Amino acid sequence: MTTFAVTAALPGRAPEMLAEAGEVRDVPGAGRPEREELLRLVEGADIALTMLYVRVDEEFLDAAGEGLRAVCNVAVGFDNVDLAACARRGIVVTNTPGVLDDATADLAFALILAARRRLGEAERLVRAGEPWEWGMGFMVGHDLRGGRLGIVGLGGIGARVGARGRGFGLEVAYFGRRESPHEAELEATRLDLDELLATSDVISLHTPLTPETQHLIGARELALMKPTATLVNTARGAVVDEEALVEALREGRIAGAGLDVYEDEPSVNPGLLELENVVLLPHIGSATVETRAAMAELAARNAIAIARGEEPQAPVPLPDA
Ligand code: DGY
């Protein structure tokens, strides 16, 4: 019988699906388990269902032992998984693409609106009981209509953000290593990164974190952006050089930012906390009841397929071993 090691309490039908297909070993309680507990949990398991905060490295794979056949990440991102190490050991890796596209795009768009219209700052002012009155120059932000939305990575999530942008009257441009299949439907223009940064009013990041995209947006790139532009990151924190972003925001070199992800989560750069022109959220892009259940169920389907010797729905391509 297949043993599934499940590294967090899963929502929706996933627990029942896994229990019907094998023996489920899971963590007690709803919280995040300590590393030692995780390593004990995976010992001798056939398949591990992992969360994005679980570092799947040599230590984890050693702890699991030779029987481990698959790592099924309950996330679309898989930068927590050492793919080369899995490839060397013949371990299959899967993720959960597609099911979180709309929820994450909704949140990215909420950040775009919040940052462009200064919602965080305005709400803080009201809650603090500060005196305020309507004025021509009071809390003015920037229009969306008529501007350019620059999307870095026009995949599933980026395309959904683009569609929302079109609904708000933004023109869509994007940067990607190859032409996106969503280009035509969004009437999007493909640009190189520098031109995208220099001509967009909103830049939204939707690229996975890889060695190539680490600090893709640093001091040089931020300096290319318009002083009236906004940067939104719902992808992975380390795609942006956070120190450089703090400097750019502090000096007003860009108008603002909206962040759902951080370089050293769950820590947030103290420089960001001091600034009014950045909206800060705690990595909740996919955090809806429906989406989290769909993510868990897709991860369970991947795991069950592998247990049965079938092709999983969402395999992650591995480097050559
Ligand atoms: C993912 O699935 O990678 C997201 O960051 C989770 O919200």
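Everything in this summary refers to the structure shown in the same document. (Residues numbered from 1 in each chain as written. Predicted model: local features only at pLDDT ≥ 70, side-chain atom pairs only at ≥ 80, totals over all residues. Heavy atoms only, no water.)

A word on the packing of helix α1 (residues 14-21) against helix α12 (residues 289-307). Interhelical geometry of α1 versus α12 gives an angle of 15 degrees and a closest axis separation of 9 Å. Looking at the two axes, α1 sits roughly parallel to α12. For the pair α1 and α12, the sense of crossing is left-handed. When α1 is examined against α12, the residues Ala-14, Met-17, Leu-18 and Ala-21 are found in contact with a partner set consisting of Ala-296, Glu-297, Ala-300, Arg-301, Ala-303 and Ile-304. A class-by-class count of the residues in the contact of α1 with α12 yields eight nonpolar, no polar and two charged. (Axes fitted to C-alpha atoms, helices over the stretch in contact; angles between N-to-C directions. Helix = DSSP H or I, 4+ residues; strand = E, 2+ residues; numbered from the N terminus. Parallel < 35°, antiparallel > 145°, perpendicular 65-115°, else oblique. Left-handed = near helix turned anticlockwise from the far one by under 90°. Contact = heavy atoms within 4.5 Å. Nonpolar A, V, L, I, M, F, W, Y, C, P; charged D, E, K, R; others polar.)

We now examine the sheet that holds strand β7 (residues 171-175). Within the open sheet, the seven strands sit side by side as β8-β7-β6-β9-β10-β11-β12. Their pairing is parallel. Strands with a single pairing partner mark the edges of an open sheet, and in this sheet they are β8 (189-190) and β12 (278-280). Sheet topology note: the strand β10 (residues 230-233)/strand β11 (residues 256-259) ladder contains four bridges and is parallel. Residue pairing in the sheet places Leu-231 in a bridge with Ala-257 of β11. With respect to the sheet, helix α10 (residues 242-250) is in contact with β10, β11 and β12, its orientation differing from that of β11 by roughly 140 degrees. (Pairing = 2+ DSSP bridges.)

Moving on, we come to a negative patch on the surface. The grouping of Glu-243, Glu-263, Asp-264 and Glu-265 at the surface amounts to a negative patch. Along the chain, Glu-265 turns up in the loop between β11 and α11 (270-273). With a relative accessible area of 31%, Glu-265 lands in the partly exposed category. (Patch = residues over 30% accessible without salt bridge, like charges linked within 9 Å, V, L, I, M, F, W, Y side chains within 5 Å. Areas by Shrake-Rupley, 256 points an atom, 1.4 Å probe, with all protein chains shown as cover. Salt bridge = Lys/Arg side-chain N within 4 Å of Asp/Glu carboxyl O. Lys, Arg positive; Asp, Glu negative; His and termini not counted. Charge placed at Lys NZ, Arg CZ, Asp CG, Glu CD. Buried < 20%, exposed > 50% of the residue type's maximum accessible area, 1.4 Å probe, protein only.)

A few words now on the pairing of strand β3 (residues 47-50). Burial along β3 is two-sided: Ile-47 and Leu-49 facing one way and Ala-48 and Thr-50 facing the other are all buried. Where strand β1 (residues 3-6) meets β3, three bridges bridge the pair, whose relative direction is parallel. Each residue of the ladder has a partner; that of Val-6, found in β3, is Leu-49. When β3 meets strand β4 (residues 70-73), the two strands line up parallel, connected through four bridges. By the bridge assignment for β4, Ala-48 is matched with Val-71. One crossover worth recording links β3 to the parallel β4 by way of helix α3 (residues 58-64), and it is right-handed. (Right-handed = clockwise from strand over helix to strand, strands pointing away.)

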